[in-house]
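# Summary of structural features
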Amino acid sequence: MISVSDAISLIRRNVEPIGSESILLSQGVGRVLAEDIIADMDLPPFDRSQMDGFAVRAADVAKAPVDLEIVGESAAGRGWHHELKPNEAVRIMTGAPVPIGADAVQKVELTSEHSFGSDAAQTTDGSISILEPIAPGRNIVRQGAEIKKGELIFSTGERINERMIASLAAFGYAGVLAAKRPRVAVFTTGSEVVEINEMPGRDQIRNSNSAMLQALVETVAGQVHLLPTAPDDLDGIKEVIKAAAASADLVVITGGVSVGKYDLTKRALIELGAEVFFERVRLKPGKPAVFARLDKTLMFGLPGNPVSAAVTFYMFVRKALLLMQSASMTDLPRATAIAADILKAAPQRDTYLPVKLEFGSDGRVMATAVKWIGSSDFIGYGKSDALAFVPGGETIGAGGQTEVLLL
């Protein structure tokens, strides 16, 4: 039995990137960038007004109130491209280019035009009363203030999220180079397992693990191929493994990885000639977890209990899938929370307990253990949003600090 850290080291040493491909920006969310994203222009590309109002020279309004001559209008997409002279003003809209010579924008509320939608507000000649002075640079975003041409926006290895899409689009990335999506075959073993659209008979259960693992794999951009459940038959399991390995980069098998009479997954892998890197980990839940390679295909054998399968996915399979995509961040996000209850680890095994995170009355993040009765309790697990880490053999009392992995 090896430590969690040693298991992760073995995964890092034996996972290789699977390459990249060009994709449309609309397909980008969740994918891992395989190129640096560089600004192809300054942003903003010109001095930009933050307000509806009047572009002025600050020196001209230092002794406001003063009257200035309106000599033009600058609107978004239709700027006034002349030089502003002393004692002149240009009507300007939010987002519009600031004329050469202007060094401030006084908002319309501080002029004699209190109704910017009035007939008078539409004129581009006559005069305007500026009611208050304004400092140079006020209400202007300078060219390149957000980013300059040639600067790095996002780096290779970052996962694209929905908040990044506007930036990619703004700099012309209609398509991006992204890591290929790993092909992942998933199947469950067990003669007691029936498909989810079937009514279980006596001594039977529905196949909840395959559905759960499909959802988990897809959160990290994996392409899932669900295979039928394999009954507890050694030759049958070997055939399914061979078929899965032929067309997948990674195979995830649940069930049959412990030491019982009908736990045949590890035996099937060994008889097929797979190289087994680890088979038991000092982890709760999830001690009987297998990591192997058959020819060029990586294999994970996860416990059949749903929570154990989920935890070992988060700890090991998720990391492998992101390493295949050369992701720069492969761990779940971590944070510190205050334990609302006693959190106790198993002897000699690092323990990850499902918890619900809430804000206490003092603003601190509280980790409340969900009510569950063990690694088969997927209902309790389904109400959690984090895993609280407790080192092997230790207990964290109520009010103590615990590290949590955000799901």
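What this report covers is the structure whose coordinates are included nearby.

The rules behind the values
- Residues numbered from 1 in each chain as written.
- Predicted model: local features only at pLDDT ≥ 70, side-chain atom pairs only at ≥ 80, totals over all residues.
- Heavy atoms only, no water.
- Helix = DSSP H or I, 4+ residues; strand = E, 2+ residues; numbered from the N terminus.
- Rg over C-alpha atoms; globule rule 2.2 N^0.38 Å.
- Buried < 20%, exposed > 50% of the residue type's maximum accessible area, 1.4 Å probe, protein only.
- Contact = heavy atoms within 4.5 Å.
- Core = buried A, V, L, I, M, F, W, Y, C linked by side-chain atoms within 4.5 Å.
- Phe/Tyr/Trp six-rings, centres within 6.5 Å; stacked < 30°, edge-to-face > 60°.
- Pairing = 2+ DSSP bridges.
- Salt bridge = Lys/Arg side-chain N within 4 Å of Asp/Glu carboxyl O.
- Axes fitted to C-alpha atoms, helices over the stretch in contact; angles between N-to-C directions.
- Parallel < 35°, antiparallel > 145°, perpendicular 65-115°, else oblique.
- Left-handed = near helix turned anticlockwise from the far one by under 90°.
- Nonpolar A, V, L, I, M, F, W, Y, C, P; charged D, E, K, R; others polar.
- Polar contact = N/O pair within 3.5 Å; in protein donor to acceptor, adjacent residues only side chain to side chain.

Turning next to the overall build of the protein. Of the regular secondary structure elements, the protein holds seven helices and 27 strands. Over its C-alpha trace the protein gives a radius of gyration of 31 Å, far above what one expects of a compact globule, namely 22 Å for 407 residues. Reported as C-alpha extents along the three principal axes, the dimensions of the protein are approximately 95 × 50 × 40 Å. Buried residues in the protein amount to 46% of all 407 residues. Sequence-distant contacts in the protein: of pairs separated by 6 or more residues, those separated by 24 or more amount to 72%.

Most often, soluble globular proteins keep nonpolar side chains buried together rather than apart. The biggest cluster of nonpolar side chains holds 47 residues, and the ones touching the most others in it are I11, L250, F300, F313, F316 and L321. For this core, the secondary-structure elements that each account for two or more residues are α1 (4–14), β12 (183–188), α3 (208–218), β16 (250–254), β17 (275–278), β20 (297–302), α6 (306–324) and β25 (386–390). Sort the elements by how many residues they give to this core and α6 lands first, with 14 residues. The contact partners of F316, leaving out residues within four places of it in the chain, are V4, A7, I8, I11, V281, L283, A289 and F300. Ranked by size, the runner-up nonpolar core spans 21 residues in total, among them F187, I241, A248 and M299.

Before going further, it helps to examine the packing of aromatic side chains. According to the stated counting rule, one finds six aromatic pairs in the structure shown. These aromatic residues form a ring-pair network of at least three members: F277, F278, F291, F300 and F316.

Moving on to the pairing of β16. Of all the five residues making up β16, five are buried; the element is thus mostly covered by neighbouring parts of the structure. The two faces of β16 match: L250, V252 and T254 on one face and V251 and I253 on the other face are all buried. With five bridges connecting them, β12 and β16 associate as parallel partners. Its bridge partner being in β16, T188 is matched across the sheet by T254.

A separate point is the pattern of salt bridges. Under the defined criterion, the tally for this structure stands at 16 salt bridges. Here R163 makes a salt bridge to E162, at a shortest N to O gap of 3.5 Å. Residue classification places E162 among the exposed residues on the basis of a relative accessible area of 54%. A salt bridge links E271 to K238; the shortest N-O distance between them is 3.0 Å. Residue E271 is found in helix α5 (residues 265–271), and its partner K238 is found in helix α4 (residues 234–246); the two are separated by 33 residues along the sequence. Given a relative accessible area of 41%, E271 falls into the partly exposed group.

Pairing within the open sheet is mixed, and its six strands lie in the order β15-β12-β16-β20-β19-β17. Each edge of the sheet is formed by a strand with only one pairing partner; in this case those strands are β15 (223–226) and β17. For this sheet, the mean angle separating the axes of adjacent strands, direction not counted, is 25°. Across the sheet, α3 lies against β12, β15, β16 and β20, angled at about 160° from β12, the strand it touches most. Strands in contact with α6 are β12, β16 and β20; relative to β20, the strand with the most contacts, it is inclined by about 170°.

Running from N to C, α1 and α6 point in directions that differ by 25°, and their axes come no closer than 10 Å. It follows that α1 is roughly parallel to α6 by the angle criterion. Considering the relative orientation of α1 and α6, their crossing is right-handed. Across the interface between the two elements, V4, A7, I8, I11 and R12 of α1 pack against M315, F316, K319, A320 and L323 of α6.

Attention shifts here to the packing of α3 against α6. Relative orientation of the contacting elements α3 and α6 amounts to 30°, with a least axis distance of 11 Å. Taken together, the axes of α3 and α6 are roughly parallel relative to one another. Between α3 and α6 lies a crossing whose hand is right-handed. Counting all contacts with α3, which are made through S208, N209, M212, L213, L216 and V217, the residues of α6 involved are P306, A309, A310, F313, Y314 and L321. Grouping the amino acids of the contact of α3 with α6 by side-chain chemistry returns ten nonpolar, two polar and no charged.

This paragraph deals with the side chain of S308. Along the chain, S308 falls in helix α6. Excluding its chain neighbours within four sequence positions, the residues that come into contact with S308 are P285, G286, P303 and S375.

A few words now on the sheet that holds strand β8 (residues 127–130). If you walk across this open sheet you meet the five strands as β7-β4-β6-β5-β8, and the pairing is mixed. Across the chains shown, the open sheet's two edge strands, defined by having one partner strand only, are β7 (104–107) and β8. Mean inter-strand twist for the sheet, computed between neighbouring axes without regard to direction, equals 45°. Where strand β4 (residues 53–56) lies against strand β6 (residues 88–92), three bridges are found, and the strand directions are antiparallel. Bridge pairing in β6 places A55 opposite V90.

To continue, consider the environment of K356. Position of K356 among the secondary structure elements: in strand β23 (residues 350–359). For K356, a relative accessible area of 35% gives the class partly exposed. Spatially, the C-alpha atom of K356 lies 8.5 Å from that of L387, the residues being 31 residues apart in sequence. With near-sequence residues (within four places) excluded, K356 lies in contact with M366, A367, T368, V370, K383 and D385. Polar contacts involving the side chain of K356 include one to the side chain of D385, which spans 3.5 Å.

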